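Secondary and tertiary structure notes
Here are the chains, one letter per residue:
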Amino acid sequence: MSLWLSGIGVSRGIVIARVQKMHAGELEIPEYKLAAGDIEGEIVRFYGAHRRAKEQLREVRAQIPEGTPGDIAAFIDTHILMMDDRSITDTTVAHIRNDRINAESALRRTRDGLIDVFEQMDDPYLRTRRDDVEHVCSRILRILLKSERHLPTQGGKAEPYVVVADDLTPADIILLSQQHVAAFITEYGGPLSHTAILARSLAIPAIVGLRDARRLLRENEQVIVEGEAGHVLASPDEQALAFYRGKQDAHARHRADLVKLKGRDTISRDGVHIRLLANIELPEDAAVARENGAEGVGLYRTEFLYMNRKELPSEEEQYEAYSRIVSAVRGPITIRTLDLGADKQVDSGRTHGPLPTNPALGLRAIRLCLKEPDLFRVQVRALLRASAHGRMQVMLPMISNLQEFRQACTLIETARAELRAEGKAMADDVPIGAMIEVPAAAIAAPILARHARFFSIGTNDLIQYTLAIDRVDDEVNYLYDPLHPAVLRLIHQTIEAGRKAGIPVAMCGEMAGDPRFTRLLLGLGLTDFSMHPASVLEVKQIVVNSDIAALRKAATALLDSDDPQEMRERIAQLEHL
Ligand code: PEP
Ligand code: MG
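A brief structural summary. (Residues numbered from 1 in each chain as written. Chains lettered and ligands numbered in written order. Predicted model: local features only at pLDDT ≥ 70, side-chain atom pairs only at ≥ 80, totals over all residues. Heavy atoms only, no water.)

**Quick word on the coordination of the magnesium ion (ligand 2)**
The criterion, for reference: Each metal site is built from N, O and S donor atoms within 2.8 Å (3.2 Å for Na, K and Ca), and since water is not included, such sites may look incomplete. Going along the chain from the N terminus, every DSSP run of H or I of four or more residues is numbered as a helix, and every run of E of two or more is numbered as a strand. Each residue's exposure class comes from its accessible area (1.4 Å probe, protein chains only) as a fraction of the maximum for that residue type: buried when under 20%, exposed when over 50%, partly exposed otherwise.
The protein atoms that coordinate the magnesium ion (ligand 2) are Glu437 (OE) and Asp461 (OD), at distances of 2.1 to 2.2 Å. Remark: Asp461 occurs in helix α18 (residues 459–466) and Glu437 occurs in the loop between β13 (432–436) and α16 (439–443); sequence separation between them is 24 residues. In this pair, the class of Glu437 matches that of Asp461, namely buried.

Right, here's the structure in full:
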């Protein structure tokens, strides 16, 4: 009998193969007291295991085949670096010494303490870093306990297989990927874990968080893994097999078509050039953006430089980071000034009072920078200095009126004058633009367009503020509607205001990278789309198959529709243009 199971799909693709379970063997960690004379010997034993664990990771790193994207080795480097983190080594040694306990048990206390800290973090990305602590500590623990885990091996079998495990470390994934593993299913982990990110980078379909997978699936049982949806069908019948084989073929054809688009210009059927740009968060993402065929970067979110630290980043540190990224990006790059506050809280040495009741409507983004000009000044100086290294423009987030825009421009001009007096190199022209993410800015776009050199529509916030729904509140998520007539009208007005004033208008919210909306946005006149690098080829495929003149007529007529159902049907019909 077939059995359907559901987990969290983290890496797309459909696989039909047999199960190989990975038996981790739960770690039983004994605790015993040490005699005073045994303490130093125990510390030596801990460091021996620690050294061996690092060697193992270096061996894995050396096995990464040539030509593998650079970010894959970075996952292993993260673990190697974490092994040397003093919060692991020194704390464990202190437990051995002060609590007089064995190394395994001391390391377990260290691990549990660190995991507690990560679990209390609000940021979902940081919370998943607990997995890294867990992986690094278990590697050392297994050596101490002489209970090293063994990965399933091909054992001479030519067929690819689906690994089912409790959890997999990035190192496991790298080793398994060299053995024709077809897909991964794990019982733990989330979509932001390194394991999930790595599976996506290696294009191996994967499902995480499928509780009890090892109990529910039998060794060698045939399964269908649907990576995107997070579904597993165990022991499928002939009908299901035929259906999924058809889907597999269609998916393979689609992927092959997308890859062919890599070097091709993004020009519509009727000859309009559309710019597809990437949204990035770390300097290292610049290479990924290029690899995916982005023409440049339409949004570099700088707040990540300010996170996870006690001190604010200095001008020099920021200058280094921005210069590195400006030099690494081929094509133009739009850097956004600090967008802290609301859902992006950091400490970075800043003392907060109690959180405001409505943080999304409070002191965030440009408002915060104008209130704390010293914070802004350091970033602006670093940005202007980095402009000497490439084609850079600066974008101001959450502008809600012209005064804010002008005030920020004055601060930027003052910083420029200071730097000039200090003899620092800068580009002669660094265009300053406004993000349009507050309805007031969209409505006043014709006024702002007389002063800004470009616009970029941030639909994530524009939708939240237009529809009065907190974007991080699950209770009202169902109201989040990019196709709401009010949202579409604001987008259209902004694009029109830019066109009339002769300034470029981009979109950098999630909507720009969602292939369901590409035709509609082309029809509304959008020419610059900035998105997650992984979406670029998908959107490109739609653009090169579209007739933009025909889309324009149909899309603008659609704005008059006042019936949501009719509106959706008409949007669906754009598919044929
Ligand atoms: C947006 O609001 O659409 C945007 C791109 O900014 P962020 O998601 O960083 O707020
Ligand atoms: Mg925003």
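**Quick word on the pairing of strand β4 (residues 161–165)**
The test is simple: Any two strands with at least two DSSP bridges between them are considered paired. Handedness of a crossover is defined as follows: with both strands directed away from the viewer, a clockwise route from the first strand across the helix to the second makes it right-handed.
Most of β4 sits inside the fold, with five of its five residues counted as buried. With burial as the criterion, each face of β4 is covered, one bearing Tyr161, Val163 and Ala165 and the other bearing Val162 and Val164. As judged from the four bridges shared by strand β3 (residues 14–21) and β4, these two strands associate in the parallel manner. In the sheet register, Arg18 faces β4, and the bridge partner there is Tyr161. Two elements, β4 and strand β5 (residues 181–186), share five bridges in a ladder whose sense is parallel. Residue pairing in the sheet places Ala165 in a bridge with Thr186 of β5. In the classification by handedness, the crossover that spans β4, the intervening helix α7 (residues 170–177) and the parallel β5 is right-handed.

**Section: the site of ligand 1**
Test applied: Consider each residue's heavy atoms; a residue with any of them within 4 Å of a molecule or strand counts as near. Residues adjacent in sequence count toward polar contacts only when both atoms are side-chain atoms; beyond that, a polar contact is any pair of N or O atoms within 3.5 Å, and within protein one must be able to donate a hydrogen and the other to accept it. Per-residue and other accessible areas were derived by the Shrake-Rupley procedure at a 1.4 Å probe size, with only the shown protein chains allowed to occlude residues. Classification used: nonpolar for Ala, Val, Leu, Ile, Met, Phe, Trp, Tyr, Cys and Pro, charged for Asp, Glu, Lys and Arg, polar for all others including Gly.
Near ligand 1 you find 14 residues, and of these Arg301, Glu437, Gly458, Asn460 and Arg471 are the closest. In the model, an oxygen atom of ligand 1 is placed 2.9 Å from a nitrogen or oxygen of the Arg336 side chain. Here an oxygen atom of ligand 1 sits 2.9 Å away from a polar atom, N or O, in the side chain of Glu437. With the chains in place, 99% of the 290 Å² that ligand 1 exposes on its own is no longer accessible. Broken down by secondary-structure element, the contributors of at least two residues to the shell around ligand 1 are β10 (297–301) and α18. The element best represented in the shell around ligand 1 is α18, accounting for three residues. Of the residues belonging to the shell around ligand 1, the class tally is three nonpolar, four polar and seven charged.

**Notes on the sheet that holds strand β11 (residues 333–336)**
To keep it simple, the criterion reads: A fitted line through C-alpha atoms represents every axis, and for helices the fit uses only the stretch in contact; the resulting angles, taken between N-to-C directions, go from 0 to 180 degrees. Whether two residues are in contact is decided by their heavy atoms, any of which lying within 4.5 Å being enough.
Spatially, β9-β10-β11-β12-β13-β14-β15-β16 is the arrangement adopted by the eight strands of the closed barrel, whose pairing is parallel. Along the sheet, successive strands turn relative to each other by an average axial angle of 25°, direction set aside. Note: β13 against strand β14 (residues 455–457), three bridges, orientation parallel. Paired with Ala434 across the bridge in β14 is Phe455. In this fold helix α19 (residues 485–501) packs onto β13, β14 and β15 (505–507), with an angle of close to 165° to the strand it touches most, β14.

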